[in-house]
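# Architecture and fold: a report
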Amino acid sequence: MKKLKMSSAQMVADARARIEEIETSDLIGMVDDPNVVIVDIRDIRERQRGHIPGSVHAPRGMIEFWVDPDSPYFKPVFGEDKRYVFHCASGWRSAITVAALQDMGFDAAHLREGFSTWADQGGPVEVPEKKT
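Structural notes, computed from the coordinates. (Residues numbered from 1 in each chain as written. Predicted model: local features only at pLDDT ≥ 70, side-chain atom pairs only at ≥ 80, totals over all residues. Heavy atoms only, no water.)

## Quick look at the pattern of salt bridges
The line we're drawing: For this document, the term salt bridge refers to a Lys or Arg side-chain nitrogen within 4 Å of an Asp or Glu carboxyl oxygen. Every helix listed is a DSSP run of H or I at least four residues long, and every strand listed is a run of E at least two residues long, numbered separately from the N terminus. Only protein chains enter the accessibility calculation, which uses a 1.4 Å probe. A residue is then buried if its area is under 20% of the maximum for its type, exposed if over 50%, and partly exposed in between.
A complete count under the given rule lists 11 salt bridges for this structure. In this structure, R83 and E20 form a salt bridge, with 2.4 Å as the shortest nitrogen-oxygen distance. Residue R83 is located in strand β4 (residues 83-87), and its partner E20 is located in strand β1 (residues 20-22); the two are separated by 63 residues in the primary sequence. Residue R83 is classed as partly exposed on the basis of its relative accessible area of 32%. Salt-bridge contacts for E113 lead to R112; the nearest nitrogen and oxygen are separated by 3.7 Å.

## Some remarks on the pairing of β4
The line we're drawing: A pair of strands is considered paired only if DSSP assigns at least 2 bridges between the two. With the strands aimed away from the viewer, a crossover counts as right-handed if its path from the first strand over the helix to the second runs clockwise.
Within β4, 4 of the 5 residues are buried, which leaves it mostly tucked inside the rest of the structure. Sheet analysis places strand β2 (residues 36-40) next to β4, joined by 5 bridges and oriented parallel. In the sheet register, V39 faces β4, and the bridge partner there is F86. Read as a crossover between parallel neighbours, the route from β4 over helix α5 (residues 92-104) to strand β5 (residues 109-111) is right-handed.

## Describing the side chain of D40
Here is the rule: N or O atoms closer than or at 3.5 Å make up a polar contact, with two conditions inside protein: a donor-capable atom paired with an acceptor-capable one, and, for residues adjacent in sequence, both atoms drawn from side chains. When checking whether two residues touch, look at their non-hydrogen atoms; a contact exists if any pair is within 4.5 Å.
In this fold, D40 is placed in strand β2. Among the residues examined, D40 registers a relative accessible area of 0% and is labelled buried. Separated by 3.1 Å, the side chains of D40 and R47 make a polar contact. Ignoring sequence-local partners within four residues, the contact set of D40 consists of R47, H51, S55, V56, H57, A58 and H87.

## Quick word on the sheet that holds β4
With respect to topology, 5 strands assemble into an open sheet ordered β1-β5-β4-β2-β3, the strand pairing being parallel. The open sheet terminates on both sides in strands that have one partner only, identified here as β1 and β3 (56-57). By the bridge criterion, 2 bridges tie β2 to β3 in an arrangement that is parallel. Across the sheet, D40 pairs through a bridge with H57, a residue of β3.

## Describing the packing of aromatic side chains
In plain terms, the rule: Centres within 6.5 Å make a pair out of two Phe, Tyr or Trp rings, where for Trp the six-membered ring is used; the pair is then stacked when the planes are under 30 degrees apart, edge-to-face when over 60, and tilted otherwise. Any Lys NZ or Arg CZ that is within 6 Å of a ring centre and within 35 degrees of that ring's normal is treated as a charge sitting over the ring.
This structure, assessed with the given rule, holds 6 aromatic pairs. Ring geometry for F78 versus F106: centroids 6.2 Å apart, planes at 70 degrees, classification edge-to-face. You can see F78 sitting in the loop between α4 (63-67) and β4 and its partner F106 sitting in the loop between α5 and β5, a full 28 residues away along the chain. Side by side, F78 and F106 carry an identical accessibility label, which is buried. Between Y84 and F106, the aromatic rings sit 5.1 Å apart at their centres with planes inclined by 55 degrees, giving tilted as the arrangement. One end of the pair, Y84, is in strand β4; the other, F106, is in the loop between α5 and β5, with 22 residues separating them in the sequence. Side by side, Y84 and F106 carry an identical accessibility label, which is buried. Taken together, the ring pairs connect F78, Y84, F86 and F106 into an aromatic cluster. Geometry around F115 places R42 over its ring, the cationic atom sitting 4.3 Å from the centre. The ring of W66 carries the charged tip of K75 above its face, separated from the ring centre by 4.8 Å.

Treat this as a map of the structure, not an account of what it does.
If you want it as structure tokens, here you go:
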């Protein structure tokens, strides 16, 4: 197998070294802040097991296009003058995502531990009703 120039773990570490990381307890305190937009980049199947109430779902594969006002895929929620905090399950995907967005000029932070510790630390969770 060919050796990679950089591992995924190194990509995450490099991203974390240059982005803002939010602790779970701090984001729990921001849930009802109208000036904070929590963005869930997890796969829809992950989100169906539970998500942060009021969070915006933005699949990882589309986020760079959704935040870009010049893209035909731009979503107006990303054009507001608000604080954006992205999260995934463990904080890896969101770290890389926020680093990429920062490179584009989009200001954002990410939830350091991801959704994995959210409920255990008392964060509210909404579970969608199962479709029959």
